[in-house]
Amino acid sequence: MKLVDRFLQYVKFDTQSDELTNMTPSTPGQMVFAEYLKKELEDLGLTEISLDENGYLMATIPSTLPAGKKAATVGFIAHLDTSPDMSGRHVSPRIVERYDGGAIVLNKTENVILSPSEFPELKHYIGQDLIVTDGTTLLGADDKAGIAEIISAADYLMKHPEIEHGKIRIAFNPDEEIGQGAHKFDVERFGADWAYTFDGGEIGELEYENFNAAVARVTFTGRNVHPGYAKHKMVNSMRIANQFVIMLPRWETPEHTENYEGFYHLVSMEGSVEKTVLTYIIRDHDRDRFERRKKELEHLARKINNEFPDCCAIDIKDQYYNMREKIEPVRYIVDMAEEAMRLVGVTPKVQPIRGGTDGAQLSFKGLPCPNIFAGGLNFHGRYEFVPIPSMEKASAVMVEICKLAAKH
């Protein structure tokens, strides 16, 4: 099966994760997909294949090195789930052949158009074949493109034993999109010296810095009284929550920041007069600024309570940290990925991730794990697309890394 055929097959699986189920994997479709992939890996001849009860699938591409010659064990990782932000059910992709640079009508009935006037990055892919959605779901290139690329590279290596490489480990895990992909990842059982996630965006991306991340839930407790008799009695939790929102810096939000700039992002607001809950994610590349952001939220909660006693409660939990501090001591693994890209004609774009990957948490669990492009763009929505040549290059990069690691 070719890379594109694999990808088109994979996106048919509904694997949206769900943070409310408190299960691993969080949705049954992820395990169904993992079982399908397990069978495919068996058919390709990989060894040491395991799928645990939590949906973590691991396998080995055996070493082809001569007896007595040793090399590092390198790992490659992608995630099974797709984002809860938009439906991943009944995905119906199509291929736009030799994209001409104009607007692409994704769904005529609903007037959904993928246009370079709104998505100028399309202009970078004129003349290439693109895989797009039908305008009603996300595509799932995040991260089924990564899975297809890894398995296609594994297929190639298994069919070309003349290519010298050490032991290669691959893994596919659940629930990356809800921040839990690495929670039950058994690093010791995986047994790699270092790894790469194929979970980046457009071609050339190579990332070993990411946000420090936390989630904050701010709960406001009010008191409901008949509005005709409410003077000096009613406490409207929604109004107080709104007061809290506008106390945060207006420009430190995702829509006003870029590069290394951090932010506070209000991701949900649910409320009534008696109770309102705000959920924020807090992001910053710098650890000190990250800690100050958390303290600022706590400070604002205290200010609210000074005005409305015992009204506001805040709960902040760290999610992951910047993997740079774990990868800098082994910077050669980033250099190796850069060299592999150049060998296949790709210009590396080393940049910070304005988000996080499983690699961040894995790096802190003892498995240094930079992130490599999977090729998709506009993740998590109906405008998602992936250029086919980008997927092919990503798969080729994995093969070259395996060759280079054998010489390390």
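Residues numbered from 1 in each chain as written. Predicted model: local features only at pLDDT ≥ 70, side-chain atom pairs only at ≥ 80, totals over all residues. Heavy atoms only, no water.

1. A closer look at the overall build of the protein
The helix and strand inventory of the protein stands at ten helices and 17 strands. Principal-axis analysis of the C-alpha atoms gives the protein an extent of 85 × 50 × 35 Å. Residue burial in the protein is summarised as follows: out of 408 residues, 54% are buried. Carbon and sulfur atoms form 49% of the exposed surface of the protein, whose accessible area is close to 18300 Å². Mean positive and mean negative side-chain charge positions of the protein (46 and 62 charges, respectively) differ by 3 Å. (Helix = DSSP H or I, 4+ residues; strand = E, 2+ residues; numbered from the N terminus. Buried < 20%, exposed > 50% of the residue type's maximum accessible area, 1.4 Å probe, protein only. Areas by Shrake-Rupley, 256 points an atom, 1.4 Å probe, with all protein chains shown as cover. Lys, Arg positive; Asp, Glu negative; His and termini not counted. Charge placed at Lys NZ, Arg CZ, Asp CG, Glu CD.)

2. Some words on the packing of helix α1 (residues 3-10) against helix α3 (residues 141-159)
For the pair α1 and α3, interaxial distance at closest approach is 9 Å and the crossing angle is 140°. One way to sum up the angle between α1 and α3 is to call them oblique. Judged by the twist between their axes, the crossing of α1 over α3 is right-handed. Counting all contacts with α1, which are made through Leu3, Arg6, Phe7 and Tyr10, the residues of α3 involved are Ala141, Lys144, Ala145, Ile147, Ala148, Glu149, Ile151, Ser152 and Asp155. (Axes fitted to C-alpha atoms, helices over the stretch in contact; angles between N-to-C directions. Parallel < 35°, antiparallel > 145°, perpendicular 65-115°, else oblique. Left-handed = near helix turned anticlockwise from the far one by under 90°. Contact = heavy atoms within 4.5 Å.)

3. Details of the pairing of strand β3 (residues 74-79)
The element β3 is largely enclosed, with a buried count of six among its six residues. Where β3 lies against strand β8 (residues 168-173), six bridges are found, and the strand directions are parallel. The partner of Gly75 across the bridge, within β8, is Arg169. Pairing analysis gives four bridges linking β3 to strand β9 (residues 194-200), with the strands arranged parallel. Bridge pairing links Ile77 to Thr197 in β9. (Pairing = 2+ DSSP bridges.)

4. Brief notes about helix α6 (residues 287-307)
With 21 residues, α6 extends 31 Å from end C-alpha to end C-alpha; this agrees with the ideal 30 Å at 1.5 Å per step. Every buried residue of α6 is accounted for by Phe290, Arg293, Lys294, Leu297, Leu300, Ala301 and Ile304. Buried positions in α6, seen along its axis, are confined to an arc of 115° and lie on one side of it. Opposite the buried face of α6, at more than 90 degrees from it, the exposed residues are Asp288, Arg292, Lys295 and Asn306. The secondary structure elements touched by the buried residues of α6 are β11 (212-221), α5 (237-247), β12 (263-271), β13 (275-284) and β14 (312-320). Where α6 starts, the residue carrying a side-chain oxygen 3.0 Å from the main-chain nitrogen of Asp288 turns out to be Asp286. (Expected span 1.5 Å × (residues − 1). Arc of directions from axis to C-beta. Polar contact = N/O pair within 3.5 Å; in protein donor to acceptor, adjacent residues only side chain to side chain.)

5. With respect to unusual backbone geometry
Omega for the peptide link from Thr24 to Pro25 comes to -5°, which places this bond in the cis form. Here Pro25 shows up in the loop between α1 and α2 (28-44). Of note, the phi angle at His90 is positive, near 55°, even though the residue is not glycine. The topology assignment puts His90 in the loop between β3 and β4 (94-96). Located in the positive-phi region is His232, a residue other than glycine, with phi close to 65°. Here His232 is to be found in the loop between β11 and α5.

6. Description of the sheet that holds strand β10 (residues 205-207)
Read across the open sheet, the eight strands follow the order β1-β2-β8-β3-β9-β16-β10-β15; overall the sheet is mixed. Edge positions in the sheet fall to β1 (47-51) and β15 (349-350), since each has one partner strand and no second. Strands in contact with α3 are β2 (57-61), β3, β8, β9 and β16 (371-373); relative to β3, the strand with the most contacts, it is inclined by about 145°. Across the sheet, helix α10 (residues 388-406) touches β2, β3, β8, β9 and β16, and the angle it forms with β16 is around 135°.

7. Topic: the pattern of salt bridges
Counted under the stated rule, the structure contains 22 salt bridges. Between Glu164 and Lys69 there is a salt bridge, with the nearest N and O atoms lying 3.4 Å from each other. Note that Glu164 is positioned in the loop between α3 and β8 and Lys69 in the loop between β2 and β3, a separation of 95 residues in sequence. You can call Glu164 partly exposed: its relative accessible area is 37%. Residues Asp335 and Arg331 are paired through a salt bridge, measuring 3.5 Å at the closest nitrogen-oxygen approach. A single network of salt bridges, built from pairs that share partners, joins Arg287, Glu291, Lys294, Asp318 and Glu325. (Salt bridge = Lys/Arg side-chain N within 4 Å of Asp/Glu carboxyl O.)

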